[in-house]
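# Residue-level structural notes
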Amino acid sequence: SAVISQKPSRDICQRGTSLTIQCQVDSQVTMMFWYRQQPGQSLTLIATANQGSEATYESGFVIDKFPISRPNLTFSTLTVSNMSPEDSSIYLCSVEDRGSYIYGYTFGSGTRLTVV
Amino acid sequence: KQEVTQIPAALSVPEGENLVLNCSFTDSAIYNLQWFRQDPGKGLTSLLLIQSSQREQTSGRLNASLDKSSGRSTLYIAASQPGDSATYLCAVPEGDKIIFGKGTRLHILP
């Protein structure tokens, strides 16, 4: 299965600042997904990122707050902008693994963000 | 719209017991179901994927079953160990996305 390297694993940030999270995949993938997991909650999809096009955001998430880059088929970044304590969450990237029918989805190791 | 429910929300059992985690979904038109494990503050690790044509999948002490017609899946953990303590999530596809349950938080008592 695909292997995803996600960085940073955790960070503590001041409110009003921005943090960029990176995900590097060891194989080319069409779609990458970014999720947020608030404390005690399940995963919520933020956006889907395809290479060469604008990311598609889910309801309640906007590009100004969560800009995403997808410069090639193995890499993506998510920026959490102008952070507030409410942004404290685990952020995860995910990819479809060589055809999700058989292999499903693979996730990065997560970024634990605390905003103070 | 697909909805996924996991019961129980939390479970504590003594080490060595066999246990069953339950997952139900509202739309049976799925092509697979995936079980994940999440340790606190970490990402998700895929445990088992069952394709719609399969009834069960096994990996070590884990066995997952799927009954599409009733919209249910179970994850059976045999001879539980303290290292099995984690949150277990099931997920089913919907279009290009996957829909998660809220998970079962499992605590194995030494």
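From a predicted model like this one, the values you see are computed outputs, not experimental measurements.

## A look at the interface of chain B and chain A
Taken together, the 21 residues of chain B in the interface contact 21 residues of chain A. Between chain B and chain A lies a buried interface of about 1700 Å² when both sides are counted; carbon and sulfur atoms form 53% of it. In this structure, the connection of chain B to chain A is made through 1 salt bridge. A salt bridge links A:Glu58 to B:Lys97, with the nearest nitrogen and oxygen atoms 2.9 Å apart. Connecting chain B to chain A are 5 residue pairs in polar contact (both at pLDDT 80 or more). Contributing elements (two or more residues each) for the side of chain B that touches chain A: strand 4 (32-38), strand 5 (44-51) and strand 10 (97-100) of chain B. In terms of residue class, the side of chain B that touches chain A is built from 7 nonpolar, 10 polar and 4 charged.

## Some thoughts on the state of the cysteines
Tallied over the entire structure, the rule returns 2 disulfides over all chains. Here A:Cys23 is linked by a disulfide to A:Cys93, with a sulfur-sulfur distance of 1.8 Å. As the torsion about the S-S bond is roughly -90°, the A:Cys23-A:Cys93 disulfide counts as left-handed. Highlighted residues: A:Cys23 in strand 3 (residues 19-25) and A:Cys93 in strand 9 (residues 89-96), separated in sequence by 70 residues. Taking relative accessible area as the criterion, A:Cys93 reaches 1% and is therefore assigned buried. One disulfide bridge connects B:Cys23 with B:Cys90, the sulfur atoms lying 2.0 Å from each other. Its S-S torsion of approximately 80° makes the covalent link between B:Cys23 and B:Cys90 right-handed. Of this pair, B:Cys23 sits in strand 3 (residues 19-25) while B:Cys90 sits in strand 9 (residues 86-94); the two residues are 67 residues apart in sequence, bridging distant segments of the chain. Among the residues examined, B:Cys90 registers a relative accessible area of 0% and is labelled buried. Lacking any disulfide linkage, A:Cys13 is separated from the closest cysteine sulfur, that of A:Cys23, by 16 Å. Judged by its relative accessible area of 8%, A:Cys13 falls in the buried class.

## As for the confidence of the model for chain B
One rule of thumb: low pLDDT means the predicted coordinates there are not for detailed reading. Taken over all residues, the pLDDT of chain B has a mean of 95, while the share at 70 or more is 100%. Strand 8 (residues 72-77) of chain B holds the highest mean pLDDT among the elements of chain B, 98, whereas strand 10 of chain B holds the lowest, 90.

Cut-offs used in this document
- Residues numbered from 1 in each chain as written.
- Chains lettered and ligands numbered in written order.
- Predicted model: local features only at pLDDT ≥ 70, side-chain atom pairs only at ≥ 80, totals over all residues.
- Heavy atoms only, no water.
- Contact = heavy atoms within 4.5 Å.
- Buried area = accessible area lost by both parts, 1.4 Å probe.
- Salt bridge = Lys/Arg side-chain N within 4 Å of Asp/Glu carboxyl O.
- Polar contact = N/O pair within 3.5 Å; in protein donor to acceptor, adjacent residues only side chain to side chain.
- Helix = DSSP H or I, 4+ residues; strand = E, 2+ residues; numbered from the N terminus.
- Nonpolar A, V, L, I, M, F, W, Y, C, P; charged D, E, K, R; others polar.
- Disulfide = S-S within 2.5 Å.
- Buried < 20%, exposed > 50% of the residue type's maximum accessible area, 1.4 Å probe, protein only.
- pLDDT = per-residue confidence, 0-100.

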